[in-house]
Every structure is written in structure tokens, then in C-alpha cells.
Amino acid sequence: MQQALFGGGCFWCVEAVFLQLKGVEKVVSGYAGGIVQDPSYEQVCQGNTQHAEVVLIDFDEQQISYTQLLNVFFTTHDPTTLNRQGNDIGTQYRSVIYYFNEEQKQQAEQIIQSLEDEGLNIVTELSPEPVFYPAEDYHQNFYARNPSQGYCNFSIPPKLSKLRSKFLDLLKTE
């Protein structure tokens with residue numbers, strides 16, 4: 001098993017996307033990259049802890065590669081807007097990849113470079129793995145447990161639709 005740590009806006013949205021992928025065994029929503037130990041959701045939302053909302057992904061590299069995860073990540077959020085995803089504004093919603101080793105760093109750099117070569121201005125932060133703090137229990141698997149919640153109903157279906165249209169071969173078949 002390998003791990004990936006991504007932030008691409010609200011962790012409910014990112015989690016919902018990655019839970020659809022074959023080879024993804026577990027997704028934990030949480031906080032990383034800040035200066036406060038064990039922050040709460042309320043503290044992170046205030047925007048002064050420097051944490052990003054992130055997801056920690058456990059994946060089987062025999063079923064899905066880190067590069068495939070990166071491709072899904074860059075396709076299902078906007079890596080060109082600084083500290084913003086749609087109506088979510090603040091540093092906690094920044095686009096970020098925290099890498100666990102040099103290989104992950106190089107793979108992320110290659111994809112970022114290829115996107116920039118296509119003319120995109122990628123603002124995704126690329127940093128070594130920081131301390132990860134799991135979010136409160138009610139945030140875990142949020143969309144599956146709250147599919148009719150207003151924010152989820154508005155924000156997540158378009159991401160899942162994009163995922164299905166571009167990565168059908170990577171989806172779980174359950």
C-alpha cells in the first residue's frame with residue numbers, strides 16, 4: 001500500500017471523488033500544512049492556522065498508480081485558482097500536493113510541467129509531507145452519508161460526472 005495526500009478545495013468533494021477509484025482502499029479527510037497542533041474544523045475555517053483541507057489516500061499501487069491519482073486530482077479541481085475552489089475561498093481550500101518521497105515529487109512535477117506546457121498557470125503547492133490531522137468523525141465519508149446536503153448536492157455531482165466521463169476505466173465496479 002502507498003499513500004497520497006492532496007488538497008483541492010473542500011475535503012468532502014475531494015474525498016467523494018477518490019472513494020470512487022479502484023485500488024483506493026481508504027480516504028481520510030483532514031488538515032495538513034499548518035502551524036496549530038490538532039486543529040479543529042472551526043479553527044481551520046477561520047483561516048489563521050495555515051492548514052489546508054486535505055485527504056489522505058491509501059491505495060494499492062498494483063491497481064492504480066500515483067500518476068493516475070494525480071491525473072484525477074488535476075482534472076477534478078481547478079489548479080489555476082489561488083486559495084479558491086468555486087465559492088470556497090481561503091488558504092484552507094488551496095490546491096496542494098504533499099509528497100511522501102522523491103518519486104512522488106518528481107511525478108507531480110512532471111504533470112505540473114505538462115499542464116503548464118499546455119498554457120495553464122498551475123498554482124498547486126508542492127511540498128513534503130507535513131503532519132496530518134484527521135478531521136472530526138462527522139466529516140468522514142460525508143457525501144455518502146449526506147447526499148442531499150445542499151453544498152454537497154451542488155458541488156460534488158459535477159466532479160463525479162467529470163470523473164466518470166474521463167476516467168471510466170479507473171472506477172470501482174461494485
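Anything mentioned here points back to the structure above.
Because the structure is predicted, anything quoted here is derived from the model rather than measured.

Here is what the cut-offs are and how they apply
Positions within a chain are numbered from 1, following the residues in the order the chain's sequence is written. Only residues with pLDDT of at least 70 get local features here, since the model is predicted, and only at 80 or more are side-chain atom pairs given and counted; chain-wide, interface and lining totals rely on the full set of residues. In computing side-chain properties, one takes all heavy atoms of the structure into account and sets aside hydrogens as well as water. In DSSP terms, a helix is any run of H or I states spanning at least four residues, a strand is any run of E spanning at least two, and both are numbered starting from the N terminus. Our radius of gyration is a C-alpha quantity, and the globule rule it is checked against amounts to 2.2 Å times the number of residues to the power 0.38. Burial here depends on accessible area, computed with a 1.4 Å probe over protein chains only, as a share of the maximum for the residue type. Under 20% is buried, over 50% is exposed, and the range in between is partly exposed. Contacts were defined at the residue level, with two residues in contact if any of their heavy atoms lie within 4.5 Å. When charges are counted, neither His nor the chain ends are considered; positive counts come from Lys and Arg and negative counts from Asp and Glu. By convention, the charge on Lys lies at NZ, on Arg at CZ, on Asp at CG and on Glu at CD. Working rule for helices: expected span equals 1.5 Å times residues minus one. Two axes enter the definition of the bend at a residue: one is fitted to the seven residues ending there, the other to the seven starting there, and the bend is the angle between them. The term polar contact refers here to a pair of N or O atoms within 3.5 Å; inside protein, the definition further demands a hydrogen-donor-capable atom paired with an acceptor-capable atom, and it admits residues adjacent in sequence only when both atoms are side-chain atoms. When the sulfur atoms of two cysteines come within 2.5 Å, that pair is taken as a disulfide. A pair of strands is treated as paired once DSSP finds two or more bridges between them. Helix axes are fitted to C-alpha atoms over the stretch in contact, other axes to C-alpha atoms as well, and angles between N-to-C directions run from 0 to 180 degrees. Left-handed describes a crossing whose near helix is turned anticlockwise from the far helix by less than a right angle; the clockwise case is right-handed. What sets the label is the angle itself: under 35 degrees gives roughly parallel, over 145 gives roughly antiparallel, 65 to 115 gives roughly perpendicular, and the rest give oblique. We call Asp, Glu, Lys and Arg charged. Ala, Val, Leu, Ile, Met, Phe, Trp, Tyr, Cys and Pro are nonpolar, and the rest, Gly among them, are polar.

## Some thoughts on the overall build of the chain
Working step 1: What the chain contains, in helices and strands, is 6 helices and 8 strands.
Working step 2: Going from the N terminus to the C terminus, the chain shows its helices and strands as β-α-β-α-β-α-β-β-β-α-β-β-α-α.
Working step 3: Over its C-alpha trace the chain gives a radius of gyration of 15 Å, about what one expects of a compact globule, namely 16 Å for 174 residues.
Working step 4: C-alpha extents for the chain along the principal axes are approximately 35 × 35 × 30 Å.
Working step 5: A total of 174 residues make up the chain; the buried ones form 48% of that total.
Working step 6: Counting only contacts in the chain whose residues sit at least 6 apart along the sequence, the fraction spanning at least 24 positions is 77%.
Working step 7: Separation of charge centres in the chain, based on 11 positive and 22 negative side chains, amounts to 7 Å.

## Remarks on helix α6 (residues 150-166)
Working step 1: The first and last C-alpha atoms of α6 sit 25 Å apart over 17 residues, in line with the 24 Å expected at 1.5 Å per residue.
Working step 2: Along α6, the largest kink reaches about 30 degrees and is centred on I156; proline P157 follows within four residues of it.
Working step 3: Within the sequence span of α6, burial applies to C152, S155, I156, K159, L160 and L163.
Working step 4: Buried positions along α6 lie against α1 (11-18), α3 (66-75) and α5 (142-145).
Working step 5: The opening residue of α6, the one whose side-chain oxygen lies 2.9 Å from the backbone nitrogen of Y151, is Q149.

## Looking at the state of the cysteines
Working step 1: Tallying each qualifying case throughout the model produces 0 disulfides.
Working step 2: We note that C13 lacks a disulfide partner, and the nearest cysteine sulfur, in C10, lies 4.6 Å from it.
Working step 3: Between C45, a free cysteine, and C10, which holds the nearest cysteine sulfur, the sulfur-to-sulfur gap is 8.7 Å.
Working step 4: By relative accessible area, C45 is classed as partly exposed at 31%.

## Description of the environment of Y93
Working step 1: Within the fold, Y93 resides in the loop between β5 (88-89) and β6 (95-99).
Working step 2: Residue class for Y93 comes out buried when judged on its relative accessible area of 10%.

## What to know about the pairing of strand β2 (residues 24-32)
Working step 1: Summarising burial for β2: 7 of the 9 residues are buried, a large majority.
Working step 2: Bridge analysis of β2 against strand β3 (residues 52-59) gives 8 bridges, and the strand direction is antiparallel. Directly across from Y31, in β3, lies its bridge partner E53.
Working step 3: Pairing geometry for β2 and strand β8 (residues 132-134), over 3 bridges, is antiparallel.

## Side note on the packing of α1 against α6
Working step 1: Following both chains from N to C, one finds α1 and α6 inclined at 35 degrees, their axes separated by 9 Å at the closest point. Every pair of crossing elements has a handedness; the one defined by α1 and α6 is right-handed. Judged by residue contacts, W12, C13, A16 and V17 of α1 engage Y151, C152, S155, I156, K159, L160 and L163 from α6.

## Notes on the packing of α3 against helix α4 (residues 102-117)
Working step 1: In the contact formed by α3 and α4, the axes pass within 10 Å of each other and the chain directions differ by 40 degrees. Relative to α4, the element α3 is oriented oblique. Here α3 runs over α4; the crossing is right-handed. Two secondary-structure elements touch here, α3 through Y66, T67, L70, N71 and F74 and α4 through Q104, Q107, A108, I111, I112 and L115.
Working step 2: Counted by class, the contact of α3 with α4 contains 7 nonpolar, 4 polar and no charged residues.

## Some thoughts on unusual backbone geometry
Working step 1: The backbone of D38 sits at a positive phi, close to 45 degrees, despite the residue not being glycine.
Working step 2: For D38, the position within the fold is in the loop between β2 and α2 (41-46).

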